[in-house]
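Take a look at the letters that make up each chain.
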Amino acid sequence: MESAHYFNAQPNVPDVRRPLAVVLDGEERILETSPGIFSPDGVDKGTAVLLDEAPDPAPEGHLLDIGCGWGPIALTMALRSPDATVHAVDVNERSLALTESNALRLGLGNVRTALPDDVPPEVRFATIWSNPPIRIGKEALHGLLLRWLPRLAVGGEAWLVVQKNLGADSLQRWLVDELGDAYDVGREASSKGFRILRVTRAREK
């Protein structure tokens, strides 16, 4: 587990690039990875559940991947919605570099990588997909979600995958209480020990 490194802006392990063969959007892709990021050896179980269970993202507009790692979520969104702009966000600069490189490898010109503070504040998202970093702790996780979920456009949806034994059900209850009646929060699926939570922005507050 690279948890000692992948929450850092600059991982303290060497950046050693190596090929990574993975299946994204139904086809094998040859990408690259490196130590010091989340799940450097492939698509982790939670992300795989999200990619299997979530419906296609909005076909246009702005899409968001919170915590992009080497890019599996952002790249899949870009492959499925080539006319949309996909924002791949991470605090780990190596993750951003890998996601950008992997997007170029796949010829995806619709991926924009950015540190959280560098996403233009006026952008509103039609779709958010995320395997949120539960292990950063409850307070930090709540702050992260309250930073991004209110930036859903009206009618926009966020799809979050959370391990059941790491508090998926309590997180769902917290989202209901915290976001209020301008949002609909529901559990859409359970698979392999994970919950898929959907947050829909029904209207402006």
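If you're wondering where the values come from, they're calculated on a predicted model, not measured in any experiment. Within each chain, residue numbers correspond to sequence positions counted from 1 in written order. Where totals are concerned, whole chains, interfaces and linings use all residues; where local detail is concerned, this predicted model gives features only for residues with pLDDT of at least 70, and gives and counts side-chain atom pairs only at 80 or more. As a rule here, side-chain values come from all non-hydrogen atoms in the structure, and water together with hydrogens is ignored.

Enquirer: Would you mind going over empty space enclosed by the protein with me for this structure?
Expert: One water molecule sets the probe size; rolling that probe over the atoms shows where empty space is left. Lining residues are defined by having an atom within 4 Å of a point belonging to a cavity or pocket. Those points lie on a 1 Å grid over the protein atoms alone, cavities being sets where a 1.4 Å probe fits but cannot get out and pockets being open sets with protein on both sides within 12 Å along at least five of seven lines. Grid points are joined across faces, edges and corners, and a volume is the space filled by probe spheres set on the points. Tallied over the entire structure, the rule returns 1 cavity of 30 Å³ or more. Taken as a whole, the largest cavity encloses approximately 90 Å³ of empty space. Lining the largest cavity are 14 residues, and of these Phe38, Thr47, Gly67, Cys68 and Pro72 lie nearest its centre. Residues of the lining of the largest cavity, tallied by class, amount to 5 nonpolar, 7 polar and 2 charged. Amino acids are sorted into nonpolar (Ala, Val, Leu, Ile, Met, Phe, Trp, Tyr, Cys and Pro), charged (Asp, Glu, Lys and Arg) and polar (every other residue, Gly among them).

Enquirer: I keep staring at the pairing of strand β2 (residues 27-33) and nothing clicks. Help me out?
Expert: Note on strand geometry: in a regular strand, side chains alternate between the two faces of the sheet. Across 7 bridges, the pairing between strand β1 (residues 18-24) and β2 is antiparallel. Looking at the pairing, leucine 20 lines up with leucine 31 of β2. By definition, two strands form a pair when at least two bridges between them are found by DSSP. Strands are runs of DSSP state E lasting at least 2 residues, helices are runs of H or I lasting at least 4, and numbering of each runs from the N terminus. Linking β1 back to β2 in an antiparallel pair, the connection comprises 2 residues, with aspartate 25 at a positive phi of about 50°.

Enquirer: When you look at the environment of glutamate 100 in this model, what are you seeing that I'm missing?
Expert: With respect to the secondary-structure elements, glutamate 100 resides in helix α3 (residues 93-105). The partly exposed category is assigned to glutamate 100, whose relative accessible area is 46%. In this structure, the C-alpha to C-alpha distance between glutamate 100 and alanine 74, residues 26 residues apart in sequence, is 10.0 Å. We call a residue buried when its accessible area falls under 20% of the maximum for its residue type, exposed when it is over 50%, and partly exposed in between, using a 1.4 Å probe and counting protein chains only.

Enquirer: Hey, could you run me through helix α2 (residues 72-80) in this one?
Expert: Because each turn of an α-helix spans 3.6 residues, side chains separated by three or four positions end up pointing in the same direction. Counted residue by residue, α2 has 7 buried out of 9 residues, so it is predominantly covered. For α2, the full list of buried residues reads Pro72, Ile73, Ala74, Leu75, Thr76, Met77 and Ala78.

Enquirer: Looking at this structure, how should I read the sheet that holds strand β8 (residues 183-191)?
Expert: The strands that make up a sheet pair up through hydrogen bonds in the backbone, lying either parallel or antiparallel. Ordered by their spatial adjacency, 7 strands build an open sheet running β5-β4-β3-β6-β7-β9-β8, and the pairing between neighbours is mixed. In this open sheet, the two edge strands, each paired with only one partner strand, are β5 (111-114) and β8. Sheet twist, expressed as the mean angle between neighbouring strand axes with direction ignored, is 15°. By the bridge criterion, 4 bridges tie strand β3 (residues 60-66) to strand β6 (residues 125-130) in an arrangement that is parallel. Along β6, the bridge assignment pairs leucine 63 with threonine 127. The contact definition used throughout considers only heavy atoms, calling two residues in contact when any of these lie within 4.5 Å. Axis angles are defined between N-to-C directions and span 0 to 180 degrees, where every axis is a line fitted to C-alpha atoms and, for a helix, only to the segment in contact. Taken strand by strand, helix α1 (residues 45-53) contacts β6, β7 (152-163), β8 and β9 (194-201), and its axis lies near 55° from that of β9.

Enquirer: I keep staring at the pattern of salt bridges and nothing clicks. Help me out?
Expert: Pairs can form between side chains of opposite charge whenever their charged atoms are close. Throughout this description, the term salt bridge denotes a Lys or Arg side-chain nitrogen within 4 Å of a carboxyl oxygen of Asp or Glu. Tallying each qualifying case throughout the model produces 14 salt bridges. Note that arginine 17 is salt-bridged to aspartate 15, the shortest N-O span being 2.8 Å. Taking the shortest distance from any N to any O, the salt bridge between glutamate 188 and arginine 198 comes out at 3.0 Å. Of this pair, glutamate 188 sits in strand β8 while arginine 198 is found in strand β9, placing the two residues 10 residues apart along the sequence. A relative accessible area of 19% places arginine 198 in the buried class. Beyond isolated ion pairs, a larger network of salt bridges with shared partners links Asp15, Arg17, Glu32, Arg94 and Arg105.

Enquirer: When you look at the side chain of serine 130 in this model, what are you seeing that I'm missing?
Expert: Note that serine 130 resides in strand β6. Two N or O atoms form a polar contact when they lie within 3.5 Å of each other; inside protein one atom must be a possible hydrogen donor and the other a possible acceptor, and for residues adjacent in sequence the pair counts only when both atoms belong to side chains. Within the structure, the side chain of serine 130 is placed 3.0 Å from the backbone oxygen of isoleucine 66, a separation counted as a polar contact. Residue contacts for serine 130: discarding those within four places in its chain leaves Leu50, Ile66, Ile73, Trp159, Leu160 and Val161.

Enquirer: Sorry, what's going on with the packing of helix α4 (residues 138-148) against helix α5 (residues 168-179) here?
Expert: Packing of α4 against α5 leaves a shortest axis separation of 12 Å and a crossing angle of 50°. Looking at the two axes, α4 sits oblique to α5. Classified by chirality, the crossing of α5 by α4 is right-handed. In this structure, α4 contributes Leu141, His142, Leu145 and Leu146 to the contact, and α5 contributes Leu171, Trp174, Leu175, Glu178 and Leu179. Split by residue class, the contact of α4 with α5 holds 7 nonpolar, 1 polar and 1 charged. Oblique is the label for every angle not falling under 35 degrees (roughly parallel), over 145 degrees (roughly antiparallel), or within 65 to 115 degrees (roughly perpendicular). Whether a crossing is left-handed or right-handed is set by the direction in which the near helix is turned from the far one by less than a right angle, anticlockwise for left-handed and clockwise for right-handed.

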